[in-house]
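# Structural overview for review
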Amino acid sequence: MTSPSNSFDDGPFLVVDDLSVRFPTSDGVVSAVSNLSYEVELGKTLGIVGESGSGKSVSSMAILGLHDRRSTELSGSIRVGGDEILGKGEEAMRALRGNDVAMIFQDALAALHPYFRIGKQLTEAYLAHHPSASKRDAEKRAIEMLDRVGIPQPDMRFKDYPHQFSGGMRQRVMIAMALINDPKLVIADEPTTALDVTVQAQILDLLQDLQREFNSAIILITHDLGVVAEFADDVMVMYGGRAVEKGPAKDILVRPEMPYTWGLLSSIPDVEADTNAKLIPIAGNPPSLLNLPSGCSFHPRCPHTGKVPGNLCSTELPELLPARSGPTHFKRCHLADPEAVYREEVLPEIAPDLLEEDR
Amino acid sequence: MWAYVVRRCLVGVALIMALTLITFALFFASPVDPARFACGKNCSAEQRDVTRAALGYDKPFVVQWAGYLKGLAVGRDFPLDAEQRAAAPDQVTHCAAPCLGYSHLDSKTVNEMVADALPITASLAIVALVMWLIGGVLFGILAAIHQGSLIDRGVVGGTLVIYAFPSFAIAVFLLQYVAVKWGIVPLPRYTEIADGGLWAWFSNLLLPALTLALLYLAGYVRMTRAFVLESLSEDYIRTAKAKGLKSRTVVFKHALRAALTPLVTMTGLDFASLLGGAIITERVFTYHGLGMLTVDANNSSDLAVLVGIVLLAGMIVIIANIVVDVLYAYIDPRVKVA
Amino acid sequence: MTDQSTGGLPAEEQREAVSNGEAKTSAESLENLIDDSHSAAMFDPSKKPVLTVTDLKMHFPVKSSGLLRRTVGHVKAVDGVSFELREGQSLGLVGESGCGKSTTGRLITRLYDPTEGSIEFEGRDLAKLSQRQLKPRRRDIQMIFQDPYSSLNPRHTVGAIVGAPMVIHGTVPKKQVLKKVQELLEVVGLNPEHYNRYPNEFSGGQRQRIGIARSLALQPKVLVADEPVSALDVSIQAQVINLLQDIQKEFGIAFLFIAHDLAIVRHFSPEIAVMYLGKIVEIGDRESIYKNAHHPYTQALLSAVPDIKQAQTGGRRERIRLEGDVPSPVNPPSGCHFRTRCPIAKEICSVVEPPLLQIDQRHKVACHFASEVGHAPERPVTAPLLGVDEYGAPDPGASPAEIPGDGPGYADTWYDLANNTRGRA
């Protein structure tokens with residue numbers, strides 16, 4: 001069996017093309033992900049932003065083949081290192097998981113097995129993809145990784161159980177376990193959400209150092225725009241299972257062109273912002289994936305539909321088209337000049353100070 | 001850890017004392033005259049008084065209870081009346097600690113009677129335990145990993161059928177058809193390992209143990225299924241899959257390991273309370289274990305034996321509880337017994 | 001399900017308010033800022049304290065594993081916390097997990113019995129009342145919990161959940177409970193007709209609104225909000241925060257707002273206390289804490305928050321990196337609890353515990369080297385006040401002085417760090 005990384009030449013390491021994920025249920029079909037396309041290059045980080053039910057985690061589970069095969073319909077294409085993985089058998093996917101593509105989960109206390117020593121959990125991950133390695137090699141490698149992620153006295157802590165670690169240390173163990181087989185692609189699903197800010201900063205530092213060292217591609221799934229701003233090269237904003245805006249992090253966060261992205265920016269306060277800044281929540285609740293709104297999925301919650309002629313927003317799904325700020329910035333919105341709306345109506349409310357700086 | 005075990009044992013001793021008190025109180029409240037039954041039929045009034053004195057039934061309640069506790073702790077000699085012992089030294093029976101009592105009907109200490117019966121019941125229980133655990137866990141996992149499929153429905157349906165049959169019906173069926181009519185196995189007759197070797201011991205236990213095992217099997221299939229399903233939905237199972245482990249490893253190592261914890265608790269307690277199930281099984285297969293002993297003692301109103309068995313059963317439950325709790329600390333590293 | 005809107009106003013008005021706001025030009029909306037409800041709350045020193053907490057302690061015993069299970073130590077979850085909460089105002093309590101902020105909240109609602117200290121509310125010390133004496137007082141101090149999923153009984157209808165406090169305390173005649181429940185549901189922006197539904201029929205944000213309606217049922221004077229939005233989606237967090245602001249304004253409720261999210265606390269509370277290992281290390285108004293923090297822990301916390309504005313330049317921003325984890329509260333470091341992770345700690349820090357020293361009109365800090373980032377003084381500023389030398393040893397020549405601001409509130413005089421003299425408003 002050839003490892004995908006061998007047959008892979010230049011170009012993005014991960015290419016997701018027109019991916020749709022559907023779960024037929026007794027209540028109807030849940031469209032978890034619809035026509036999603038994105039790519040990640042080695043050494044780069046893609047931040048996927050969205051709320052619960054936006055499909056941000058589902059698409060990455062499909063990359064790992066961790067979806068329930070019996071109850072999931074997949075279409076489109078996922079190429080890892082040039083290899084199409086959609087339609088691959090369980091054994092081929094197993095060889096990929098934890099080897100070329102690894103995952104870091106949110107809550108390390110729940111994601112590590114409570115009854116096994118962490119040393120065992122790490123060596124197990126190594127031996128799964130190095131069947132000819134001896135147990136001693138695996139242990140050596142595990143201790144090396146624990147040391148690399150900054151766990152003091154790794155040879156002692158090796159024998160401890162997950163509950164004996166602090167939250168930050170546990171997340172380091174998770175990272176060590178994910179990186180033990182030198183994956184080319186790391187999917188980090190809310191890796192710092194359960195952590196305190198000072199620990200979050202430590203973990204993000206660590207992830208960044210490791211990325212520089214191993215030149216891996218990272219998908220960072222998060223709801224925290226601050227984390228995205230500091231960590232991601234590219235950002236994809238998801239809503240109702242679709243990408244509604246994507247492009248370089250700077251373009252998305254400084255010159256967003258999609259009202260949902262504006263809503264996200266305006267509904268979180270900032271530690272540095274003007275105290276006159278207001279919190280403007282997005283009205284209503286995220287849509288049901290069983291029954292997505294017609295047209296643009298965001299239109300029932302969008303305060304700007306009046307600026308679009310006719311009832312285009314509720315009848316026609318906008319395409320993901322290039323935005324004004326650059327050729328790599330795409331947005332899914334019918335507004336004729338979203339940038340003007342943002343500058344004139346949204347910015348003054350959420351960041352009066354920024355406006356003054358610009359003038 | 002040891003401090004914990006010692007503390008639990010102390011509580012256990014207190015529980016046993018309370019148990020003896022309650023048991024004594026219950027038997028005292030019973031309408032029969034224990035001395036009359038102990039003396040047997042054709043018993044004259046004087047003989048009855050002698051028996052009453054020999055068993056100490058003439059003493060006040062508290063004195064009897066204290067005497068019983070003393071027997072449990074250091075053993076005692078029967079008859080209890082010192083004059084009777086002095087009068088007939090050759091008829092004195094020493095009952096060593098923990099003395100469970102003396103059956104005047106059989107002229108034996110309860111300890112001797114239990115010593116004869118216990119190995120039979122214990123053999124039965126152990127073989128049944130192994131059967132229902134293996135069967136329960138295997139079928140439970142099978143159903144869990146095929147959740148919602150025909151296999152799952154078949155297994156769950158099968159457990160319903162077993163639930164529906166009373167234990168004695170299964171026992172009679174196994175005995176009358178499998179052993180007698182079809183002759184697939186020889187008629188079960190308890191054989192000690194010392195007499196016939198391991199195989200003879202085991203093959204003779206097969207049918208009665210199966211009867212007993214089926215009583216629990218259905219419940220264990222369903223519990224294992226539920227526990228495995230629960231642990232399969234845990235985050236750490238997703239992690240195990242994401243590491244690229246084989247699905248066999250994920251199910252049998254990671255998921256089963258977590259499901260095992262509650263199973264151990266159930267097993268320990270069920271094992272301790274097997275006596276109830278053993279009564280029917282032993283009766284149908286005429287095995288002279290604790291179950292039969294209980295039935296016989298009840299029929300002949302041999303109170304001394306009944307008290308002894310009730311206490312023994314209580315002690316087994318108490319000990320099993322302590323063992324389960326200590327085991328728990330070994331199985332689940334997060335549990336610290338202190 | 002109805003379209004849930006931003007705040008506490010009835011849904012109709014809400015939608016109108018939102019669409020009006022969006023349609024305004026920037027000039028108009030700037031004018032509007034002054035009376036608009038959803039910018040950050042402001043501090044009002046004219047308000048009287050409603051709740052005064054003095055030297056509050058909660059020590060949980062740690063039992064030995066031996067035969068007798070003696071108490072061998074204490075988890076000092078809260079260890080001498082003092083603050084004032086003013087009428088209709090909000091005090092934010094921030095800190096990392098295990099710092100004691102939630103325990104403090106539970107002490108004030110008397111879900112725990114404090115080991116020491118006083119909680120003065122309307123002339124009574126709540127810390128000393130028995131559970132029976134406490135019951136009538138409970139209605140005045142209510143709590144909003146973090147997890148809207150586990151804090152609502154799934155087998156009770158919304159009406160039963162919201163109405164229960166009124167029935168228990170008998171504040172409303174039985175026949176009017178339903179009417180009152182519907183009013184409350186409307187206040188929190190839920191459809192009043194949904195009183196007979198069960199919690200699982202509602203989304204996370206709506207459940208949190210149910211929890212808020214319940215906490216309002218007894219018309220409390222103080223609300224303890226323990227991480228009220230951290231379990232919610234980002235877009236929903238703002239809805240709930242705005243709702244809490246509206247409620248605070250409409251009913252004049254004082255909030256103790258407990259959260260780990262520094263930005264949200266900053267938005268909601270004009271006064272903030274930072275806790276570390278059971279103690280308040282810095283307390284002050286918003287400006288003092290967020291623009292002028294003098295405790296190295298506050299500075300590190302603030303600098304650790306990822307910043308969206310960083311997108312302009314890309315990359316991580318320069319930050320104070322704290323090494324390691326918070327030490328165990330069973331056996332905290334001697335002297336200053338923070339010294340093991342502190343970038344500017346010196347010898348005195350392990351010897352003498354720094355007092356909470358008032359250094360401005362509304363700013364107190366517990367640090368021997370209280371200063372702005374990068375300007376740590378050579379000698380401990382607290383030494384002369386404590387009567388010790390710069391290494392923490394008793395100084396025979398000096399005598400301990402009164403510590404400015406030693407008490408729950410702020411004093412009129414304070415210690416001026418710039419001149420090492422006492423300052424005055």
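This is a predicted model, so every value here is computed, not measured.

## Focus on the overall build of chain B
Across its full length, chain B carries 14 helices and 4 strands. By principal-axis analysis of the C-alpha atoms, chain B measures approximately 80 × 55 × 40 Å. Residues counted as buried form 46% of the 338 residues belonging to chain B. Counting only contacts in chain B whose residues sit at least 6 apart along the sequence, the fraction spanning at least 24 positions is 67%. Summed over all atoms, the accessible surface of chain B reaches about 16700 Å², with 67% contributed by carbon and sulfur. Positive and negative charge centroids in chain B, built from 26 and 23 side chains respectively, lie 14 Å apart.

## Comments concerning the nonpolar core
Among the nonpolar cores identified, the biggest contains 79 residues, and C:Ile212, C:Leu216, C:Phe257 and C:Leu262 are the most heavily contacted of them. Here this core gets 7 residues from one element, more than from any other, and that element is helix 8 (residues 234-251) of chain C. In contact with C:Leu216, not counting residues within four places along its chain, are C:Leu184, C:Val187, C:Val188, C:Leu223, C:Ile247, C:Phe251 and C:Ile253. Of all hydrophobic cores here, the second largest spans 74 residues; its members include A:Ile85, A:Ala102, A:Ala138 and A:Ile180.

## Points about the interface of chain C and chain A
With 56 residues of chain C at the contact, the number on the chain A side is 57 residues. Around 5100 Å² of area is buried between chain C and chain A when both sides are counted, 54% of it from carbon and sulfur atoms. In this structure, the connection of chain C to chain A is made through 2 salt bridges. Put simply, C:Arg319 and A:Glu230 hold a salt bridge, and the shortest N to O gap is 3.2 Å. When contributions to the side of chain C that touches chain A are tallied by element, the ones reaching two or more residues are helix 1 (11-23), helix 2 (26-32), helix 8, helix 9 (262-268), helix 10 (286-291) and helix 11 (296-304) of chain C. Along the lines of polarity and charge, the residues of the side of chain C that touches chain A split into 20 nonpolar, 18 polar and 18 charged.

## As for the packing of helix 12 (residues 275-284) of chain B against helix 13 (residues 290-299) of chain B
Residue and element names in this part refer to chain B. In contact at an axis separation of 7 Å, helix 12 and helix 13 are set at 85 degrees when each is read in the N-to-C sense. Judged on the interaxial angle alone, helix 13 and helix 12 are roughly perpendicular. Where helix 12 abuts helix 13, its residues Leu-275, Ile-279, Glu-282 and Arg-283 lie against Leu-290, Gly-291, Met-292 and Val-295. Among the residues making up the contact of helix 12 with helix 13, the classes are represented as 5 nonpolar, 1 polar and 2 charged.

## Thoughts on the confidence of the model for chain B
Should pLDDT be low for a region, the predicted coordinates there are not to be read in detail. A residue-level look at chain B finds 99% of positions with pLDDT of 70 or above and a mean pLDDT of 85. The secondary-structure element of chain B with the lowest mean pLDDT is helix 2 (residues 34-39) of chain B, recorded at 72, while helix 10 (residues 235-242) of chain B shows the highest, at 94.

## Let's talk about the sheet that holds strand 11 (residues 321-322) of chain A
Residues and elements named next belong to chain A. Pairing is mixed across the open sheet formed by 8 strands, whose spatial order is 6-7-8-3-9-10-12-11. Edge positions in the sheet fall to strand 6 (101-104) and strand 11, since each of these pairs with one other strand and no more. The pairing of strand 11 with strand 12 (residues 330-331) spans 2 bridges and is antiparallel. The residue of strand 12 that forms the bridge with Pro-322 is Phe-330. The sheet strands contacting helix 7 (residues 167-179) are strand 6 and strand 7 (185-189), and the helix crosses strand 6 at an angle near 175 degrees. Contacting strand 3 (45-49), strand 9 (234-239) and strand 10 (242-248), helix 11 (residues 259-266) runs over the sheet at an angle of about 100 degrees to strand 9.

## Considering the pairing of strand 6 of chain A
Residues and elements named next belong to chain A. Residues Val-101 and Met-103 line one face of strand 6 and the alternating positions Ala-102 and Ile-104 line the opposite face, and both faces are buried. Relative to strand 7, strand 6 runs parallel, the two being bridged by 4 bridges. Note that in strand 7 the partner of Ile-104 across the bridge is Ala-188.

## Observations concerning the packing of aromatic side chains
Counting across every chain of the model gives 20 aromatic pairs over all chains. Following the ring pairs from residue to residue traces out a cluster consisting of A:Tyr239, A:Tyr260 and A:Phe298. Above the plane of the ring of A:Phe165 lies A:Arg157, whose end atom (NZ or CZ) is 4.1 Å from the centre. Sitting over the ring of C:Tyr410, C:Lys364 keeps its end group 5.6 Å from the ring centre.

Conventions we followed
Residues numbered from 1 in each chain as written. Chains lettered and ligands numbered in written order. Predicted model: local features only at pLDDT ≥ 70, side-chain atom pairs only at ≥ 80, totals over all residues. Heavy atoms only, no water. Helix = DSSP H or I, 4+ residues; strand = E, 2+ residues; numbered from the N terminus. Buried < 20%, exposed > 50% of the residue type's maximum accessible area, 1.4 Å probe, protein only. Contact = heavy atoms within 4.5 Å. Areas by Shrake-Rupley, 256 points an atom, 1.4 Å probe, with all protein chains shown as cover. Lys, Arg positive; Asp, Glu negative; His and termini not counted. Charge placed at Lys NZ, Arg CZ, Asp CG, Glu CD. Core = buried A, V, L, I, M, F, W, Y, C linked by side-chain atoms within 4.5 Å. Buried area = accessible area lost by both parts, 1.4 Å probe. Salt bridge = Lys/Arg side-chain N within 4 Å of Asp/Glu carboxyl O. Nonpolar A, V, L, I, M, F, W, Y, C, P; charged D, E, K, R; others polar. Axes fitted to C-alpha atoms, helices over the stretch in contact; angles between N-to-C directions. Parallel < 35°, antiparallel > 145°, perpendicular 65-115°, else oblique. pLDDT = per-residue confidence, 0-100. Pairing = 2+ DSSP bridges. Phe/Tyr/Trp six-rings, centres within 6.5 Å; stacked < 30°, edge-to-face > 60°. Lys NZ or Arg CZ within 6 Å of the ring centre and 35° of its normal.

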